[in-house]
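One letter stands for each residue in the lines below.
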Amino acid sequence: MPMKKKDAAVILSILLLAALFFSFRMMLAGSGPRGVVVIQVDGKEYARIPLSEPQTVRIEQENGAVNVLEVTREGARMRDASCPDGLCVGQGQVTPDNYMSRPTQAFIICLPHRVTAELIPEQVP
């Protein structure tokens, strides 16, 4: 059964509306930083940094332990640490897009220094 011009126009209109809807949704989702990074040292909150305020945080403890956390508009990563194994540096970047699929999920953890950085993403409507 051949498609009529009206049927093709309706299907094309629906496809265009769907494409516009998804494009608009993607623009909103990618329109800016979507969360906050909460840094804790020894279980106490050290800093709370929105992704909208990129910065590098140097965490120096009295025992000489040093961690350097980099917060960007995309997420956070441990750039450097004076711990012996450096596993926290190797954990990579946590972002609003990958935090659920990471082994440590929303956390970057430095066990020797008792430092954690947790990404708390905003809920996208």
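Now for a quick tour of the structure. (Residues numbered from 1 in each chain as written. Predicted model: local features only at pLDDT ≥ 70, side-chain atom pairs only at ≥ 80, totals over all residues. Heavy atoms only, no water.)

A few points about the overall build of the protein chain
Assigned secondary structure in the protein chain consists of two helices and seven strands. Along the chain direction, N to C, the helices and strands of the protein chain fall in the order α-β-β-β-β-β-α-β-β. Put simply, the protein chain has 125 residues, and 33% of those count as buried. In the protein chain, of all internal contacts separated by at least 6 residues, the share reaching a separation of at least 24 is 33%. Working note: accessible area of the protein chain is about 8500 Å², and carbon and sulfur atoms make up 60% of it. (Helix = DSSP H or I, 4+ residues; strand = E, 2+ residues; numbered from the N terminus. Buried < 20%, exposed > 50% of the residue type's maximum accessible area, 1.4 Å probe, protein only. Contact = heavy atoms within 4.5 Å. Areas by Shrake-Rupley, 256 points an atom, 1.4 Å probe, with all protein chains shown as cover.)

Quick notes on the sheet that holds strand β6 (residues 107-110)
Taken together, four strands build an open sheet; the order of strands is β2-β1-β7-β6 and the sheet is antiparallel. Only two strands of the sheet have a single partner each, and these edge strands are β2 (44-50) and β6. Neighbouring strand axes in the sheet, compared pairwise and without regard to direction, differ in orientation by 15° on average. Both strand β1 (residues 35-41) and strand β7 (residues 115-121) contribute to a ladder of seven bridges, which runs antiparallel. Bridging across to β7, Val41 finds its partner in Val115. (Pairing = 2+ DSSP bridges. Axes fitted to C-alpha atoms, helices over the stretch in contact; angles between N-to-C directions.)

Quick look at the sheet that holds strand β4 (residues 66-71)
Spatially, β3-β4-β5 is the arrangement adopted by the three strands of the open sheet, whose pairing is antiparallel. Two strands lie at the open edges of the sheet, namely β3 (55-60) and β5 (76-81), each paired on one side alone. Neighbour-to-neighbour, the strand axes of the sheet open up by a mean angle of 20°, direction not taken into account. Where β3 and β4 come together, six bridges link them in antiparallel fashion. Pairing of Arg58 across the sheet is with Val68, part of β4.

Examining the pairing of β5
Examined bridge by bridge, β4 and β5 share five bridges and lie antiparallel to one another. When the sheet's bridge partners are listed, Val71 is paired in β5 with Ala76. Where β4 folds back onto β5 in an antiparallel hairpin, the turn is made up of four residues.

A closer look at the state of the cysteines
Put plainly, two cysteines are in a disulfide when a covalent bond ties their sulfur atoms together. Applying the stated criterion across every chain, the model contains zero disulfides. Of the cysteine sulfurs around Cys110, a residue in no disulfide, the closest is that of Cys83, at 3.7 Å. (Disulfide = S-S within 2.5 Å.)

Here we look at the environment of Tyr46
Its place among the elements puts Tyr46 in strand β2. Distance from Tyr46 to Thr116, taken between C-alpha atoms, is 9.7 Å for residues 70 residues apart in sequence. If we skip the residues at most four places from it in the chain, Tyr46 touches Ile39, Gln40, Val41, Val57, Arg58, Ile59 and Glu60.

A word on unusual backbone geometry
Located in the positive-phi region is Asp42, a residue other than glycine, with phi close to 55°. By the secondary structure assignment, Asp42 is in the loop between β1 and β2. On the basis of relative accessibility, which here comes to 40%, the residue Asp42 falls in the partly exposed class. Phi at Arg114 takes a positive value of approximately 60°, unusual for a residue other than glycine.

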